[in-house]
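Read off the chains here:
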Amino acid sequence: MTDALNALHVIVFANEKGGTGKSTTAVHTAIALAMKGARVSCLDLDHRQRTMGRYLDNRLETMNRVGRPLPMPRFETHDGDSIARFSESLERLGQDTDFLIIDTPGRDDKFGRIAITNADTLVTPMNDSFVDFDLIGQVDPDTFRVTRPSFYSELIWDSRKRRAKADGQTIDWVVLRNRMQHIEARNMKRVSEAIDQLAKRVGFRVIPGLSERVIYRELFPKGLTMLDSREFGEMGLAHVAARQELREMMAGLALPEVEATLPLFA
């Protein structure tokens, strides 16, 4: 991780395609930071699906049911309509907070675009397929070499220019390779090469994310994460591997440090 945290750091999870594990990854990031002693707030901009909001609602219910506290961020869900409420939520959640994590809808959204412009770290989870890669870049159908950035890369490029012009700050864009599977090795290699080509062209970092595992879907109803080891009882090898993936992902995000009051992986 980078230098010690001395101001609010905004992390935005954004991808206009659904099914990339965006909300699950956002919640795991929030809990990982909270377990490290950081003050964390979350804002769910998807008032239709409310995946992040529902996940954290379930976590509160689990805490009440078992009578034991768990690391927990403050959180709200935007109504999807009011710019005034959006601004109020940003101001309220940004107070006395080290990290504000914003989960955007899996579609084009005006509030999501505003959030991206205000991000310090922008995380775009992406599955390992050319269907998902098409969001950020186009490839030649025969050589699979990148021919041009797609509309989303151009949107992020414009957002980064506006941010630099507004306050001189940069947006650290991270493409997170989520739900990687150990099949179709040739296709995965081609996708990987295309991502690396585009990264050099438009300026994002690439880090490993979370694999496709049934356990993540099973954790949602209780609002638990792979970090809540006490709630699992005995953990199997798959759980241990998933926790290691999360460690690597958090290290790759290279977020500012906070003074730890709780161990990250208890």
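As a reminder, the structure under discussion sits directly above these lines.
What comes next is a walk through the structure. (Residues numbered from 1 in each chain as written. Predicted model: local features only at pLDDT ≥ 70, side-chain atom pairs only at ≥ 80, totals over all residues. Heavy atoms only, no water.)

Scanning the chain from N- to C-terminus turns up nine helices and 11 strands. When burial is assessed residue by residue, the chain has 52% of its 266 residues classed as buried. Nonlocal contacts in the chain, meaning residues at least 24 apart in sequence, comprise 77% of its contacts between residues at least 6 apart. Of the roughly 12600 Å² of accessible surface on the chain, 51% is carried by carbon and sulfur atoms. (Helix = DSSP H or I, 4+ residues; strand = E, 2+ residues; numbered from the N terminus. Buried < 20%, exposed > 50% of the residue type's maximum accessible area, 1.4 Å probe, protein only. Contact = heavy atoms within 4.5 Å. Areas by Shrake-Rupley, 256 points an atom, 1.4 Å probe, with all protein chains shown as cover.)

Along the chain, Asp132 turns up in helix α5 (residues 130–133). Discounting chain neighbours no more than four positions away, the residues touching Asp132 are Lys17, Thr20, Met126 and Asn127.

The subject of this paragraph is the packing of aromatic side chains. This structure, assessed with the given rule, holds six aromatic pairs. Here Phe130 and Phe144 contribute two aromatic rings whose centre-to-centre distance is 5.4 Å and whose plane-to-plane angle is 25 degrees, an arrangement assigned as stacked. Of this pair, Phe130 sits in helix α5 while Phe144 sits in the loop between β7 (137–139) and β8 (146–149); the two residues are 14 residues apart in sequence, bridging distant segments of the chain. With centroids separated by 6.4 Å and ring planes inclined at 80 degrees, the aromatic side chains of Phe151 and Tyr152 adopt a geometry described as edge-to-face. (Phe/Tyr/Trp six-rings, centres within 6.5 Å; stacked < 30°, edge-to-face > 60°.)

Here we take up empty space enclosed by the protein. Scanning the model with the defined rule gives two cavities of 30 Å³ or more in all. Considering the residues around the largest cavity, the lining is formed by Ala14, Asn15, Glu16, Thr104, Pro105, Arg107, Asp108, Asp109, Gly112, Arg113, Ile116 and Tyr152. Per-class residue counts for the lining of the largest cavity are four nonpolar, three polar and five charged. (1 Å grid on protein atoms, 1.4 Å probe; cavity = no way out; pocket = protein on both sides within 12 Å on 5 of 7 lines; lining within 4 Å. Points joined across faces, edges and corners; volume = space filled by probe spheres on them. Nonpolar A, V, L, I, M, F, W, Y, C, P; charged D, E, K, R; others polar.)

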